[in-house]
Amino acid sequence: MKTTSPYLLRLLAATALMLGTSIASHAQDKATQLHNRATAAMCANCHGTDGRTTDGSAIPSLVGMPKDYMVLQLKAFKDGTRPATVMHQITKGLTDAQIDTIATYYAATKR
Amino acid sequence: MKRRSFVQASMALGSFGALGTMVGCASVGRVPEKARVVVVGGGYGGATAAKYVRMLSNYQIDVTLIEPNGEFVSCPISNLVIGGSKTMADITTPYDKLSGKHGVNIVRDYVASVDPIKKTVTLASGPSIRYDKLIMSPGIDLMFTTIDGLKEANASGQILQAWKAGPETLALRKQLEAMDDGGVYAITIPEAPYRCPPGPYERASQVAHYFKQHKPKSKVLILDANQDVTSKGPLFKKFWADNYKGILEYMPQHKVVAVDAKTNTLKFDVQNDVKANVLNVLPAMRAGGIAVQSSLANVNARWCGVHYQTFESTQAKDIHVIGDSIMLAPLMPKSGHMANSHGKVTAAAIVAQLSDMPVNPAPFLSNTCYSFVNDKLVVHVASVHQYDAKDKTYKTVPGSGGVSSAPNELEGIYAWNWAQNIWADSLM
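Residues numbered from 1 in each chain as written. Chains lettered and ligands numbered in written order. Predicted model: local features only at pLDDT ≥ 70, side-chain atom pairs only at ≥ 80, totals over all residues.

A few words now on the overall build of chain B. Summing up its helical and strand segments, chain B has eleven helices and 24 strands in all. Here the C-alpha atoms of chain B give a radius of gyration of 22 Å, agreeing with the 22 Å that 2.2 N^0.38 yields for 428 residues. Seen along its three principal axes, the alpha-carbon backbone of chain B occupies a region of about 60 × 55 × 40 Å. Here chain B, with 428 residues, has 54% of them falling under the buried criterion. Put simply, 68% of the contacts in chain B that link residues at least 6 apart link residues at least 24 apart. (Helix = DSSP H or I, 4+ residues; strand = E, 2+ residues; numbered from the N terminus. Rg over C-alpha atoms; globule rule 2.2 N^0.38 Å. Buried ≥ 20, exposed ≤ 12 C-beta atoms within 10 Å, placed from the backbone. Contact = placed C-beta atoms within 7 Å.)

Now the structure itself:
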């Protein structure tokens with residue numbers, strides 16, 4: 001029986017490791033994607049599924065809103081520089097990371 | 001058509017595509033032998049959970065929703081039907097988008113029993129459905145027998161609750177319309193916790209507004225088992241003093257123990273009897289009947305304990321309980337908005353678990369609850385609840401949340417838009 005060269009074994013091991021890492025990171029990406037989508041869905045109660053409000057709604061749609069603009073508005077609600085009826089109270093409960101996640105999600109959704 | 005042939009006909013018609021894009025298919029689906037996710041109850045919690053399991057799994061996980069009612073009738077806004085400024089049609093949403101757009105298989109039935117060992121749900125009509133994950137969202141059960149005489153008086157249609165929106169909502173409106181000017185409407189409130197803390201005060205405000213416009217000699221009595229108004233107290237009390245003086249009277253520490261239907265009289269544990277023309281009695285509440293019967297209501301035999309990160313029952317594996325049935329973490333209200341939030345956290349957790357992915361370590365919930373003090377002016381309470389991994393519970397963030405500074409018309413517009421958007425988010 002022919003023995004496999006140590007070089008080939010190392011190459012195989014390295015490839016397997018890379019593949020494993022890539023699968024693991026893909027799974028982690030998928031999980032993060034799911035968690036982020038669920039986090040953004042906390043806005044949908046008022047702002048509509050995926051940020052699409054019903055026709056004629058005075059509550060603004062969030063779908064496709066540019067990320068920088070949304071982060072700025074949410075932080076302005078949070079620090080009280082933009083007046084609000086409810087949003088100043090909601091945003092004070094959110095971390096900056098959650099605000100970033102939410103703004104990233106809605107910026108990426110298609111109008 | 002007999003049930004069996006009806007079911008067979010539905011089976012022939014109702015095979016959903018994997019992407020669930022069939023539009024306009026019948027809202028009553030087939031009864032499958034097995035579904036990966038079964039949801040019991042199509043209210044704010046269950047409908048949202050069903051829709052979001054579908055959406056968050058990219059329509060890969062099949063969902064069967066069991067709901068006895070043909071349409072969704074909203075409790076939020078139903079007080080405006082009682083006050084006369086909205087109609088039943090305004091608060092009713094069909095289930096057809098949940099099936100047609102999202103591919104949720106809807107079975108119109110009651111659940112007779114749940115077997116957490118075999119992981120089956122048995123329908124009132126007989127067949128059983130196996131599940132991998134069960135979401136129970138059965139709402140509340142009104143404990144009529146805790147008040148002497150109430151069960152019979154409610155069954156006869158004389159003393160209404162109208163706390164589960166539906167036929168009683170309209171029946172209560174009709175009682176108020178039929179009442180002579182100079183009559184008395186009395187609403188009784190059980191000790192907290194109960195569904196929708198500000199709801200009874202909103203309802204009393206709606207009836208007072210109606211009386212002020214149309215029956216100015218009439219009176220509203222609020223008989224509250226609690227020490228004080230349980231939600232938005234200063235806002236409600238100021239508005240009542242400024243606008244409903246001489247019409248609305250608030251009486252705390254009045255716990256009803258019996259009703260006399262013959263004389264339309266309320267009897268209390270301590271105070272004197274109160275007689276009124278229209279009685280609206282809200283008894284104590286507990287988790288929906290099927291949750292109690294399935295031994296999931298393991299807190300004081302009234303509410304269902306859950307692990308808050310996933311809403312999985314502390315009693316049974318792979319059964320998640322959401323909405324008004326659960327034992328709440330401190331400062332979490334029993335509201336439709338919260339039930340919708342529970343539905344999403346649970347849907348995401350279940351999609352993760354069924355896909356061998358980690359569950360979100362840091363979910364959060366939000367709540368916004370609007371109350372109409374007349375037909376246009378509104379006050380709100382809002383809160384944010386972040387999951388605390390160390391204490392395994394939800395905690396409000398210091399400095400967040402709060403109430404309106406005063407009743408205002410802008411929030412009246414937002415409140416109605418909130419309703420339309422959350423109905424769409426839960427059902428469409």
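Along any regular strand the residues' side chains alternate between the sheet's two faces. Residues and elements named next belong to chain B. As paired elements, strand 6 (residues 111-115) and strand 7 (residues 120-123) share four bridges and run antiparallel to each other. Bridging across to strand 7, aspartate 115 finds its partner in threonine 120. Where strand 6 folds back onto strand 7 in an antiparallel hairpin, the turn is made up of four residues, including lysine 119, whose phi is positive at roughly 55 degrees. Where strand 7 and strand 8 (residues 128-136) come together, three bridges link them in antiparallel fashion. Of the residues in strand 8, the one forming a bridge with threonine 122 is serine 128. (Pairing = 2+ DSSP bridges.)

Tallying the contact residues gives 37 residues for chain B and 27 residues for chain A. Elements with a contribution of two residues or more to the side of chain B that touches chain A: helix 2 (44-56), helix 10 (336-354), strand 21 (364-372), strand 22 (378-388) and helix 11 (409-427) of chain B. Here the side of chain B that touches chain A gets eleven residues from one element, more than from any other, and that element is helix 11 of chain B. Considering only residue class, the side of chain B that touches chain A consists of 18 nonpolar, 16 polar and three charged. (Nonpolar A, V, L, I, M, F, W, Y, C, P; charged D, E, K, R; others polar.)

Looking now at the confidence of the model for chain A. Averaged over chain A, the pLDDT score is 89; the fraction of residues at 70 or greater is 89%. For chain A, the element scoring lowest by mean pLDDT is helix 1 (residues 6-40) of chain A, at 80; helix 3 (residues 67-78) of chain A scores highest, at 98. (pLDDT = per-residue confidence, 0-100.)

All names here are of chain B. Where strand 13 (residues 256-260) lies against strand 14 (residues 265-268), four bridges are found, and the strand directions are antiparallel. Across the sheet, alanine 258 pairs through a bridge with lysine 267, a residue of strand 14. The antiparallel pairing of strand 13 with strand 14 creates a hairpin that spans four residues between the two strands, and asparagine 264 there sits at a positive phi of about 50 degrees.

Another point: the domain arrangement of chain B. All names here are of chain B. We note that the domain assignment places domain 1 (3-140 + 286-362) and domain 2 (144-283) within chain B. With 18 residues of domain 1 at the contact, the number on the domain 2 side is 19 residues. Sorting elements by how many residues they give to the side of domain 1 that touches domain 2 places helix 3 (residues 78-83) first, with six residues. Tallied by class, residues from the side of domain 1 that touches domain 2 come to ten nonpolar, six polar and two charged. (Domains from an automatic or database assignment.)

Here the focus is the sheet that holds strand 16 (residues 278-281) of chain B. Sheet strands pair by backbone hydrogen bonding; their relative direction is either parallel or antiparallel. All names here are of chain B. One open sheet accounts for four strands, arranged 12-11-10-16; its pairing is parallel. The open sheet has two free edges, formed respectively by strand 12 (248-251) and strand 16, since each of these has just one partner strand. Geometrically, the sheet is characterised by an average inter-axis angle of 15 degrees between neighbouring strands, direction not taken into account. Two elements, strand 10 (residues 184-189) and strand 16, share four bridges in a ladder whose sense is parallel. Counted as the bridge partner of tyrosine 185 is valine 278 from strand 16. Sheet strands touched by helix 7 (residues 199-214): strand 10, strand 11 (219-224) and strand 12. Its angle to strand 11, the strand with the most contacts, is close to 170 degrees. (Axes fitted to C-alpha atoms, helices over the stretch in contact; angles between N-to-C directions.)

Quick look at the sheet that holds strand 14 of chain B now. Spatially, three strands are ordered 13-14-15 (chain B) in an open sheet, and the strand pairing comes out antiparallel. Two strands in the sheet have a free side with no partner beyond their single neighbour: strand 13 and strand 15 (274-275) of chain B.

What follows deals with the nonpolar core. All names here are of chain B. Judged by nonpolar contacts, the single largest core of 150 residues is most densely connected at Val38, Val53 and Val321. In terms of residue count, helix 10 provides more of this core than any other element does, nine residues in total. There are two domains that each give this core at least three residues, and those are domain 1 (3-140 + 286-362) and domain 2 (144-283). With residues up to four places along the chain from it excluded, the contact list for valine 321 reads Met136, Ala291, Leu296, Cys304, Val306, Phe311, Ser313 and Ile326. (Core = buried A, V, L, I, M, F, W, Y, C linked by C-beta atoms within 7 Å.)

Residues and elements named next belong to chain A. Closest axis-to-axis distance for the helix 3/helix 5 (residues 96-108) pair is 9 Å, and the angle between their directions is 145 degrees. Every pair of crossing elements has a handedness; the one defined by helix 3 and helix 5 is right-handed. Side by side, helix 3 and helix 5 meet where Lys67, Met70, Val71, Leu74 and Lys75 of the first sit next to Ile99, Asp100, Ala103, Thr104, Tyr106 and Ala107 of the second. Residue composition of the contact of helix 3 with helix 5, by class: seven nonpolar, one polar and three charged. (Left-handed = near helix turned anticlockwise from the far one by under 90°.)

Residues and elements named next belong to chain B. The linkage connecting alanine 192 with the following residue, proline 193, adopts the cis geometry, with an omega of 5 degrees. Residue placement: proline 193 occurs in the loop between strand 10 and helix 7. In the Ramachandran plot, cysteine 196 falls in the positive-phi region, its phi being about 60 degrees despite a non-glycine side chain. Looking at the element boundaries, cysteine 196 is found in the loop between strand 10 and helix 7.

On to the packing of helix 2 of chain B against helix 10 of chain B, then. Residues and elements named next belong to chain B. The N-to-C vectors of helix 2 and helix 10 enclose an angle of 35 degrees; their axes lie 7 Å apart at closest approach. With respect to the hand of their crossing, helix 2 and helix 10 are arranged in right-handed fashion. Across from Tyr44, Gly45, Thr48, Ala49, Tyr52, Val53 and Leu56 in helix 2, the residues of helix 10 making contact are Gly336, Ala339, Asn340, His342, Gly343, Lys344, Thr346, Ala347, Ala348, Ile350 and Val351. Partitioned by chemical class, the residues of the contact of helix 2 with helix 10 number ten nonpolar, seven polar and one charged.

Residue and element names in this part refer to chain B. For helix 10, spanning 19 residues, the distance from its first C-alpha to its last is 27 Å, which sits close to the expected 27 Å at 1.5 Å a residue. Across the 19 residues of helix 10, 17 count as buried, placing the element largely inside the fold. Aspartate 356 occupies a position one or two residues after helix 10 and carries a positive phi of about 55 degrees. (Expected span 1.5 Å × (residues − 1).)

Reading predicted coordinates in detail is not appropriate for stretches of low pLDDT. All names here are of chain B. Looking at chain B, the pLDDT average stands at 93 and 93% of residues meet or exceed 70. The low-confidence segment residues 1-27, where pLDDT is below 50, has 35 contacts with residues more than four positions distant or belonging to other chains. The ipTM value of the predicted complex is 0.88, and its pTM value is 0.90.

Within the element layout of this structure, B:Thr368 appears in strand 21. As for B:Thr368 and B:Glu152, which are separated by 216 residues in sequence, their C-alpha atoms are 36 Å apart. Here B:Thr368 is in contact with A:Cys46, A:Val86, B:His337, B:His380, B:Ala382 and B:Trp418, once residues within four sequence places are set aside.

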